[in-house]
Amino acid sequence: MSKNVTPYKDSTLGKKEQVTQMFDAISGNYDGLNRVISFGIDVKWRKKVVQLVAAKNPTNILDIATGTGDLAILMTQTSAKKIIGLDISEGMLEVGKNKIIDKKLDNVIEMIVGDSEKMSFEDNYFDAITVSFGIRNFETLEKGLAEILRVLKPNGIFVVLETSIPEKTPYKQGYKFYTKNILPIIGKLFSKDNVAYGYLSESASVFPYGEELNNILRKIGFIDVVAMPQTFGVATIYSASKK
């Protein structure tokens, strides 16, 4: 089980409410800042997620913690006729809705406010489910994953893109220095929420990755679990399915 890191140490709110508050605050400049922080490599990672999903020829896709909809928009490159972007932050969703309207994709993509740990969808509903840099924000990881398993169709595909920690020298040392010292500074310079990118850095540093996360997925009930490290291991793509 992952350590429960929260954005605002002095807040009396639960993690879910704090994460919602944080993402509402940074929604306006989230996309641009992400490109700066990741040097644009996150776009390449998302395209790999799309390739994995596209290979399954899905009809409907759920993108959880969709944020401003970057991955949901890319998913229009698949065979899907319906894509739902789910997020708890109305601020992030509003930015995403404007992007989708500008791209004339609102007939395919629907952005809805919702809690990934308590979804209203029927069992065995989606052909594919994705989460991009979002599962470490779940209040209860196992509960969220179990809910994803519930709404995924048998033989459907579940793909996660999440931060991880490089294990080889010198990438491990460089990554730790960057995330601990540089990333929070960049966040403070560009974001009106001074603690947001400190939280994102800290939550990434304690979140289970690699085989540890694989084992959690298997414990929940996922099958065919595979971890694919990206860019020296600074991120990992996980693919899984359902019996």
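Below is a short write-up of the structure. Throughout this description, residue numbers start from 1 for each chain and increase along the sequence as written. In view of the model being predicted, local features appear only for residues whose pLDDT reaches at least 70, and side-chain atom pairs are presented and counted only at 80 or more, with totals across whole chains, interfaces and linings using the full set of residues. Excluded from the side-chain calculations are hydrogens and water; all other atoms, namely the structure's heavy atoms, are used.

## Topic: the overall build of the chain
A run of DSSP states H or I qualifies as a helix once it reaches four residues; a run of E qualifies as a strand once it reaches two. Both are numbered from the N-terminal end. A tally of regular secondary structure across the chain gives 9 helices and 7 strands. In summary, the chain has a C-alpha radius of gyration of 17 Å against a globular reference of 18 Å for 243 residues, a match within 12%. Relative accessibility decides the category of a residue: with a 1.4 Å probe and only protein chains considered, values under 20% of the type maximum give buried, values over 50% give exposed, and everything between is partly exposed. Relative to its full complement of 243 residues, the chain shows a buried share of 55%. The criterion used for residue contact is that any of the two residues' heavy atoms lie within 4.5 Å. Restricting the contact set of the chain to residue pairs at least 6 apart, pairs at least 24 apart contribute 71%. Working note: accessible area of the chain is about 11300 Å², and carbon and sulfur atoms make up 54% of it. Atoms counted for the radius of gyration: C-alpha only. Globule rule: 2.2 Å times residue count to the power 0.38. Accessibility throughout is a Shrake-Rupley quantity obtained with a 1.4 Å probe, and a residue counts as covered only by protein chains that appear here.

## A few points about the packing of aromatic side chains
Note on ring pairs: Phe, Tyr and Trp rings are taken, using the six-membered ring of Trp, and paired if centres are within 6.5 Å. Classes follow the plane angle, with under 30 degrees stacked, over 60 edge-to-face and the rest tilted. Summed over all chains, the structure comprises 7 aromatic pairs. Here F39 and Y178 contribute two aromatic rings whose centre-to-centre distance is 5.9 Å and whose plane-to-plane angle is 35 degrees, an arrangement assigned as tilted. Highlighted residues: F39 in the loop between α2 (30-37) and α3 (41-54) and Y178 in helix α7 (residues 171-190), separated in sequence by 139 residues. Using a relative accessible area of 63% as the deciding quantity, one classes F39 as exposed. Considering the side-chain rings of F121 and F126, the 4.9 Å spacing of their centres and the 85 degrees angle between planes classify their relative orientation as edge-to-face. Look at F126 and you get buried, because its relative accessible area is 1%. An aromatic cluster is built from F121, Y125 and F126, whose rings are joined through pairwise contacts.

## Describing unusual backbone geometry
Cis geometry marks the peptide bond from T169 to P170; its omega dihedral reads 5 degrees. Within the fold, P170 resides in the loop between β5 (152-163) and α7. The backbone of F39 shows a phi angle near 60 degrees, a positive value even though the residue is not glycine. Although it is not a glycine, K104 adopts a positive phi angle of roughly 55 degrees. Inspection of the secondary structure puts K104 in the loop between α5 (90-102) and β3 (109-113).

## Looking at the pairing of strand β6 (residues 223-230)
Bridging between β6 and strand β7 (residues 235-241) involves 6 bridges; their strand directions are antiparallel. Residue pairing for β7: I223 is matched across the bridge by S241. One requirement defines pairing of two strands: DSSP has to find at least two bridges between them. Counted along the chain from β6 to the antiparallel partner β7, the turn is 4 residues long, and its residue T231 has a positive phi close to 50 degrees.

## So, the side chain of K15
Looking at the element boundaries, K15 is found in helix α1 (residues 15-26). The positive count covers Lys and Arg only, the negative count covers Asp and Glu only, and His and the chain ends enter neither. Here, a salt bridge means any Lys or Arg side-chain nitrogen found within 4 Å of an Asp or Glu carboxyl oxygen. Salt bridges are absent for the buried K15, whose nearest opposite-charge side chain, E117, sits at 7.7 Å. Whenever two N or O atoms come within 3.5 Å, that pair is a polar contact, provided that in protein one can donate a hydrogen and the other can accept it, and provided that, for residues adjacent in sequence, both atoms are side-chain atoms. A distance of 3.0 Å separates a polar side-chain atom of K15 from the backbone oxygen of R136. Once residues lying within four places of it in the same chain are set aside, the contact partners of K15 are N4, V5, T6, R136, N137, F138, E139 and Y199.

## What about the packing of helix α6 (residues 141-151) against helix α9 (residues 211-220)?
With axes taken as lines fitted to C-alpha atoms, and helix axes fitted only over the stretch in contact, angles between N-to-C directions fall between 0 and 180 degrees. At a minimum axis distance of 9 Å, the contact between α6 and α9 shows a crossing angle of 55 degrees. Compared by their axis directions, α6 and α9 come out oblique. Like other packed secondary-structure pairs, α6 and α9 cross with a definite hand, here right-handed. Note on element contacts: α9 touches α6 through L213, I216, L217, K219 and I220, opposite L141, E142, L145, A146 and L149. Per-class residue counts for the contact of α6 with α9 are 8 nonpolar, no polar and 2 charged. Roughly parallel here means an angle under 35 degrees, roughly antiparallel means over 145, roughly perpendicular means 65 to 115, and every remaining angle is called oblique. By convention the crossing between two helices is left-handed if the near helix lies anticlockwise of the far one by an angle smaller than a right angle, and right-handed if it lies clockwise. All residues other than Ala, Val, Leu, Ile, Met, Phe, Trp, Tyr, Cys, Pro, Asp, Glu, Lys and Arg, Gly among them, are scored as polar; the first ten of these are nonpolar and the last four charged.

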